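One letter stands for each residue in the lines below.
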Amino acid sequence: MSKSKVDHDTSDKTIQFYQHLANVGAADTVSKVGLAFVNDLRGVVSLRFIKKGETMIEIPFEAAYDLGVVSNNNNDPTNAAITLSDLLKKTKENDGDHSYFSMLPRQHSSEISTTTDYFSDDALSALQLPFVKSETVRRLEKLKESATSPDHYEELKLALSYVTSRVLTVEGPESEYGERHSLLIPMIDMCNHDRDSPHVLSGRAASGSKLRVVAGKDVLAGEQINICYGGGHAGNDRFVQDYGFLDPLPLSNLIVARSLVSRKIVEKGLSTSTKMEALAALKLTTVEEDELLLGELEGAKFSDDNTEEEADDSNRWLAISLRLGVKRALGDLGVEW
């Protein structure tokens, strides 16, 4: 196995971000971990050896951004996005908060534009998962209703991307049993995804609480610190929709396939009719046809310099890769195509 290339981020804005964390009570965190580009992807790495069971990242609740209570019956991220967009507008350049917000991806960067909120209608249809397309369209329509101008709509879309890809749902105070909050937690939100990550997240959305990532194994200096997105239950439909990537592990496609053929009346929020509609859509092309289409898009790449056409090709590549993976997983489950 080749060793990962690690380039520590020593830019001025990163140093300012570390200083902000130290000022809000997270000095111990920036003595243990930092930001680096690992094989050109920015993430969090250990600065020294960390023993299993040791806290690697500890952020006071007061230093996180509470974007509101999450309804038990509705995980719609648009309300949190509207709240965050307002907060971003109010943040002054000399505020400590600005040093954190300046670290977030910019509008139309490759980190942002691969989520389904930036897919063309053709790319959304190429998913062959109508429930993903309808949810995407529904939340974008809600943002349009709240927007006061085209520029404001783009700002809301950017905030939505931050919410879906970075916010964690965290239990509220013990006195408010069952209440969950949408929290944007600096540094923790910069950890990349690994479904097999052994590390543990803990803490509550409550005054005086500490939001932590605890080492689930010994961590070497320079080793990347990843966490498992989606609580270990998310499949590649969610990863593409909310994060703009595909998890390479077969389980991530298998989760989607199982939800589509489950006999439960409602499985992962999908009704029987929704599942039947998705299965019918997936039959519009064969595995062999999808493989040929992927071959035609082989040169598609994800880059901040992409033209609109290149970005659309990249997103169609993602969409076809997802549907192909789901079809193969359905085949593994014995579903004939």
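Since this is a predicted model, take the numbers as computed values, not measurements. (Residues numbered from 1 in each chain as written. Predicted model: local features only at pLDDT ≥ 70, side-chain atom pairs only at ≥ 80, totals over all residues. Heavy atoms only, no water.)

**Student:** I'm lost on the sheet that holds strand 3 (residues 41–46) in this one. Help?
**Tutor:** Sheet strands pair by backbone hydrogen bonding; their relative direction is either parallel or antiparallel. What the 3 strands build is an open sheet, ordered 1-2-3; its pairing is antiparallel. Strands at the two margins of the open sheet, each flanked by one partner only, are strand 1 (6–8) and strand 3. Strand-to-strand twist of the sheet, defined as the mean angle between neighbouring strand axes without regard to direction, takes the value 45 degrees. (Pairing = 2+ DSSP bridges. Helix = DSSP H or I, 4+ residues; strand = E, 2+ residues; numbered from the N terminus. Axes fitted to C-alpha atoms, helices over the stretch in contact; angles between N-to-C directions.)

**Student:** I tried to follow the pairing of strand 3 on my own but got confused; where do I start?
**Tutor:** Across a regular strand the side chains alternate sides, sitting on one face of the sheet and then on the other. In terms of residue burial, strand 3 counts as a mostly covered element, since 5 of its 6 residues are buried. As paired strands, strand 2 (residues 33–38) and strand 3 are joined by 6 bridges and run antiparallel to one another. Bridging across to strand 3, G34 finds its partner in V45. Counting the residues that bridge the hairpin from strand 2 to strand 3 gives 2 residues, and of these N39 lies at a positive phi of roughly 50 degrees. (Buried < 20%, exposed > 50% of the residue type's maximum accessible area, 1.4 Å probe, protein only.)

**Student:** Is there a simple way to think about the pattern of salt bridges in this case?
**Tutor:** Any two side chains of opposite charge can pair, so long as their charged atoms come close to each other. All chains considered together, the criterion is met by 20 salt bridges. One salt bridge in this structure joins E155 and K89, with 3.5 Å as the shortest N-O distance. Of this pair, E155 sits in helix 7 (residues 150–166) while K89 is found in helix 3 (residues 78–90), placing the two residues 66 residues apart along the sequence. A salt bridge links R238 to E135; the nearest nitrogen and oxygen atoms lie 3.0 Å apart. Placement of R238 in helix 8 (residues 236–243) and of E135 in helix 6 (residues 130–146) is noted, with a sequence separation of 103 residues between them. Its relative accessible area of 27% is what places R238 among the partly exposed residues. Each member of the salt-bridge network shares a partner with another, and the members are D117, E135, R139, R238 and D242. (Salt bridge = Lys/Arg side-chain N within 4 Å of Asp/Glu carboxyl O.)

**Student:** Would you explain the sheet that holds strand 4 (residues 55–60) in this entry?
**Tutor:** Read from one edge to the other, the open sheet built from 3 strands follows the order 4-9-8, with strand pairing classed as antiparallel. Of all strands in the sheet, those with a lone pairing partner are strand 4 and strand 8 (200–202), marking the two edges. Taking each pair of neighbouring strands and ignoring which way they run, the sheet shows an average axis angle of 10 degrees. Here strand 4 runs beside strand 9 (residues 210–214); their pairing, made up of 5 bridges, is antiparallel. Its bridge partner being in strand 9, I59 is matched across the sheet by L211.

**Student:** Whenever I open this one, the nonpolar core confuses me. Can you help?
**Tutor:** Buried together is how nonpolar side chains tend to be arranged in soluble globular proteins. In this structure, F17, V44, M56, I57, I59 and M187 are the most contacted members of the largest nonpolar core, which totals 55 residues. Looking at this core element by element, the count peaks at 7 residues for helix 7. For M56, the residues in contact, after removing those within four places along its chain, are T29, K32, V33, I50, H199, V213, V214, A215, V219 and I225. Counting residues in each nonpolar core, the second largest holds 23 residues, with L279, A319, V326 and A329 among its members. (Core = buried A, V, L, I, M, F, W, Y, C linked by side-chain atoms within 4.5 Å. Contact = heavy atoms within 4.5 Å.)

**Student:** Explain the packing of helix 3 against helix 7 here, please?
**Tutor:** Axis angle and axis distance: for two packed helices, these are the angle between their axes and the distance between the axes, and together they describe the pair. At a minimum axis separation of 8 Å, helix 3 and helix 7 run at an interaxial angle of 115 degrees. Between helix 3 and helix 7, the angle is such that the two are roughly perpendicular. Crossing hand, helix 3 versus helix 7: right-handed. Together, T78, A80, A81, I82, L84, S85, L88 and K89 of helix 3 and H152, E155, L156, A159, L160, Y162 and V163 of helix 7 make up the contact between the two elements. (Parallel < 35°, antiparallel > 145°, perpendicular 65-115°, else oblique. Left-handed = near helix turned anticlockwise from the far one by under 90°.)

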